[in-house]
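Chain and residue survey
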Amino acid sequence: RNEEGASAKDAAVEGARQVAGAITASTLTTICVFVPIIFTEGMTRQLFVDMGLTIAFSLLASLLTAVTLVPMMSAGILKKTEVKETAFFDKLRRGYAVLLGKALRRKALVLLGALALLVLSGVLAASRGTEFMPQMESTEVSMTLEMEKDSTLEETAAAADAVMERVGQIEDIQDLGGMIGSIGLTDSRTETNTAQFYAITAEHPKLSNAELKREIETAVKDLDGELTVNMSSMDMSALGNSGIVVQIRGKELDTLQQVAADVKEIVSGVKGTQNVLDGTEDNDAELRVIVDKSKAVAHGLTVAQVYQELYAKISDTQAAAVLSTDTDDYDIYVKVNEDENMSREDVKNLTIQAAQQDGTTEEVRLADIAEFEDASGLRAISRMDQSRYMSVTAEIRDGDNIGLVSSRINRALENYDAPEGYEIRMAGEDETINEAMREVLKMLVLAIVFMYLIMVAQFQSLRSPFIVMFTVPLAFTGGLLGLWLTGSAVSVVAMIGFVMLSGIIVNNGIVFIDYTNQLLEGGMTQREALIEAGKTRLRPIIMTALTTILGLLTMALGVGMGAGMVQPMAIVTIGGLSYGTLLTLFVVPCIFDLFHKREKARLIEGMSEQTEEQMEKG
């Protein structure tokens, strides 16, 4: 208004009057996208509820400032401001008016093009896969050194010292510590030895996490043992399950182990997997005793009696008493020397006391009434929902993606016919991702409903909000293309960006449609009103988009440690706003013109019918 010759005070009042309803509705639509977070559950709510509340209260404060303080300051500060012609912007507005006129004459082409780009962007973004949380640079490094199964503690200590010496010489490693621990003791002999190392990098490292990992692996590649380097200390997927986990449920342990072995072989053959394990790698060798019932009964024994006596001879010794002193309590164990170290042959030659009917006892050799099998047994039996299960786990190779690998595994498992009564299902990070995605989609659907209701209250119409809501799915094109161009996977953080985008992108549409309705009420034709609204609202629409884009730019660049967590959200919002601005300027007018043209046809038809009725009566 100031540019049109009005005083600063009149311009401030008139400007505030024109946009008060629109900015109130647009602010409320942005706020309401975070309201549904209270209806979500699990990790999604824990991670994003604080961010949602912060943005909501900040927007409420900004709304109050926009309708009170800003007009007042504008009337005072801009009182003596000289209006200068901006040739560039004038040319931009005239060029936009010409392009909008052409777009309104080819509405079908514009709408089909927008729809085709949406489908294409979805396909491209899906090719990047999915993940729970994006990887982030970290100052912490954890390493695990695993020696050969029969290595001694001294051998592990020597290898650990070598690792400490070599890794400590890497420039980016600032502090390094480690500890050695043995796992599993049998007959006082070390079965497996491992060493754990923890390192802190420099505050401003020269190498990225991936480069530092390769540097460490290169430095120790000729040492004994296998060193596993984990650079994901700041990976938020650690809050849930990480990596590939395929869960097999069933009853019989032998069948479970066989199915797990089959699944392990299938997963090992899938592109992108490494270090595939099925939980049987550390199985204990065991001797199975299978009692022949008929032979046992012939000696007056039941199967339960045989196992009970066998268990008494080979079970671990329990504390027989406790010796208490002034400083501590000590368990006292009593062992029978002859049963302390039993071999398999000793077990086979064990004798069972069988009571006879005449009151005498008979010494029955175990080998006479039972058969023996060499087998391997699980160290622990896992249960879930009253069902036994085993898990096949795998790591994702560098450069691949959890979502893509999970899809490949699912397709590979479709051809595997599991025994009846046994279930194979994906768990781990894939399950965490699916659960989080469901919660975010629920949040998005509720946000769209709330936004529509707010706009219905603003426009006092069902049609105008419906037109604005068309921009929400179409604006996702920009966000999806942004993820594809930057090589980012679709993560939960990126999905939160889409939720934010749905609340932001409708703001410009609300301002555009609201002013178009005002011009129509003032007597303009529909085509003229759309072009005039576009020219008038071009500057605030571009300014709104640019301020948001520039504000998120540093976040999108991922500057600083830990910035990678929120980077996809910024990428989605910037991409969606950039593309969504074009939607507001071209697609929204086309949709508006299309819907109102149908209404105009119905009004003309209705008026014709009324005229005919009047002529008949006349």
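Anything mentioned here points back to the structure above.
Quick look at the structure, then.

A separate point is the overall build of the protein. Assigned secondary structure in the protein consists of 19 helices and 17 strands. Counting every position in the protein, which comprises 618 residues, the buried fraction comes to 37%. Sequence-distant contacts in the protein: of pairs separated by 6 or more residues, those separated by 24 or more amount to 77%.

The next subject is a nonpolar patch on the surface. A contiguous nonpolar patch, built from L28, L53, F57 and L60 and spanning about 380 Å² of accessible area, is present on the exposed surface. Here the nonpolar patch gets three residues from one element, more than from any other, and that element is helix α2 (residues 43-77). As for its placement among the helices and strands, L53 is situated in helix α2. Using a relative accessible area of 45% as the deciding quantity, one classes L53 as partly exposed.

As a further point, take helix α6 (residues 209-219). For α6, the full list of buried residues reads N209, L212, K213 and I216. Taken end-on, α6 shows its buried residues confined to a sector of 105 degrees, consistent with a single buried face.

Attention now goes to the pattern of salt bridges. This model, assessed by the stated rule, comprises five salt bridges. A salt bridge links D90 to R93; the shortest N-O distance between them is 3.7 Å. One end of the pair is D90 and the other is R93, both in helix α3 (residues 87-105) and three residues apart, which spans about a single turn. Of the charged contacts, one joins D593 and K107 as a salt bridge, the two residues approaching to 3.1 Å between their closest N and O atoms. Taken together, the residues span a long stretch of sequence, with D593 in helix α19 (residues 567-617) and K107 in helix α4 (residues 107-126) at a distance of 486 residues. Relative accessible area serves as the criterion here: at 3%, D593 is assigned to the buried category. Residue classification places K107 among the buried positions, given a relative accessible area of 11%. Among the charged side chains, a salt-bridge network with shared partners connects K107, R527 and D593.

Counting 98 residues, the largest nonpolar core has V246 and I409 as the members making the most contacts within it. Of the residues forming this core, the biggest block, 18 residues, is contributed by helix α17 (residues 492-521). Aside from chain neighbours lying at most four places away, what touches V246 is V263, V267, M390, S391, V392, I409, L413, I424, R425 and M426. Counting 21 residues, the second largest nonpolar core, distinct from the first, contains M143, L145, A162 and V163.

What counts as what
- Residues numbered from 1 in each chain as written.
- Predicted model: local features only at pLDDT ≥ 70, side-chain atom pairs only at ≥ 80, totals over all residues.
- Heavy atoms only, no water.
- Helix = DSSP H or I, 4+ residues; strand = E, 2+ residues; numbered from the N terminus.
- Buried < 20%, exposed > 50% of the residue type's maximum accessible area, 1.4 Å probe, protein only.
- Contact = heavy atoms within 4.5 Å.
- Patch = residues over 30% accessible without salt bridge, like charges linked within 9 Å, V, L, I, M, F, W, Y side chains within 5 Å.
- Areas by Shrake-Rupley, 256 points an atom, 1.4 Å probe, with all protein chains shown as cover.
- Salt bridge = Lys/Arg side-chain N within 4 Å of Asp/Glu carboxyl O.
- Arc of directions from axis to C-beta.
- Core = buried A, V, L, I, M, F, W, Y, C linked by side-chain atoms within 4.5 Å.

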